[in-house]
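Residues per chain are reported as follows:
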Amino acid sequence: LLALFLSIALVFLKGLNLGIDFTGGILIEASFTKRVDLSEIRNNLNDLEIGEIQIQNLDTENEIMIRIGNQKRTKEEQSKDLEVVKNLLINNIDN
């Protein structure tokens, strides 16, 4: 019973940690012909200054998932961001 009240209190005090499904943003899954260096990708994407970026490997070292959080940008701006990220991945990573 105490744990129930503590859980409810924490939700009200800290709020919920909503994922990209509820907050918006961009989710990209990419596969490459070779192993990718997450730190290289992270540095390149951070240089673009397009928002909070999370990168992780998927099943293998040549598959990644990139999450770019919504920074109160319009859909047009997010579409441009997506194209910039795709071009960066195509031109700089998989060569």
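Per-chain numbering applies: the sequence of each chain, read as written, is numbered from 1 onward. In keeping with the model being predicted, local features are shown solely for residues with a pLDDT of at least 70 and side-chain atom pairs are shown and tallied solely at 80 or more, while totals for entire chains, interfaces and linings include all residues. Only hydrogens and water are removed before side-chain values are computed, so all heavy atoms of the structure are retained for them.

**Examining the overall build of the protein chain**
If you tally the helices and strands in the protein chain, you get four helices and three strands. By the criteria applied, helices consist of DSSP H or I runs no shorter than four residues and strands consist of E runs no shorter than two, each listed in order from the N terminus. The order of α-helices and β-strands along the protein chain, N terminus first, is α-α-β-α-β-β-α. Each residue is assigned to one of three classes by its accessible area relative to the maximum for its type, calculated with a 1.4 Å probe on protein chains only: buried under 20%, partly exposed between the two thresholds, exposed over 50%. For the protein chain, the proportion of its 95 residues judged to be buried stands at 22%. Taking as baseline every contact in the protein chain between residues at least 6 positions apart, the subset at least 24 positions apart corresponds to 62%. Only the protein chains shown count as covering a residue, and every accessible area follows the Shrake-Rupley method with a 1.4 Å probe. As presented, the protein chain carries roughly 7100 Å² of accessible surface, and 52% of it is formed by carbon and sulfur atoms. Contact between two residues is taken to exist if any of their heavy atoms lie within 4.5 Å; hydrogens are not considered.

**Some details on the confidence of the model for the protein chain**
Summarising the model, the protein chain shows a mean pLDDT of 80, and 84% of its residues fall at 70 or more. Per-residue confidence from the predictor is reported as pLDDT, which spans 0 to 100. Helix H2 (residues 20-23) is the least confidently modelled element of the protein chain, averaging 53 in pLDDT, while strand S2 (residues 53-57) averages 88, the highest of any element.

**Thoughts on the side chain of Asp81**
Examined against the element boundaries, Asp81 turns out to sit in helix H4 (residues 75-93). Leave out the neighbours within four places in its chain, and Asp81 touches Ile26, Ile50 and Arg73.

**Here's the deal with unusual backbone geometry**
For Glu49, which is not glycine, the phi torsion reads 50 degrees and is therefore positive. The residue Glu49 is located in the loop between helix H3 (38-48) and S2 in this model. Glu49 gets classed as exposed once you look at its relative accessible area, which sits at 71%.

**Here's the deal with a nonpolar patch on the surface**
Grouping into patches uses exposed residues only, defined as over 30% relative accessible area, and leaves out salt-bridged ones; the cut-off is 9 Å for like charges and 5 Å for nonpolar side chains (Val, Leu, Ile, Met, Phe, Trp, Tyr). Salt bridges are counted wherever a side-chain nitrogen of Lys or Arg sits within 4 Å of a carboxyl oxygen of Asp or Glu. On the surface, a nonpolar cluster with roughly 620 Å² of combined accessible area is contributed by Leu1, Leu4, Phe5, Ile8 and Phe12. Tracing the backbone shows Leu1 in the segment before helix H1 (2-14).

**Brief notes about the pairing of strand S3 (residues 63-69)**
Across seven bridges, strand S1 (residues 25-31) lies against S3 in antiparallel orientation. Counterpart to Leu27 in the pairing with S3 is Arg67. At least two DSSP bridges between two strands are required for those strands to pair. Direction of pairing for S2 relative to S3: antiparallel, over a ladder of five bridges. By the bridge assignment for S3, Gln54 is matched with Arg67. Counted between consecutive antiparallel strands, the loop separating S2 from S3 contains five residues.

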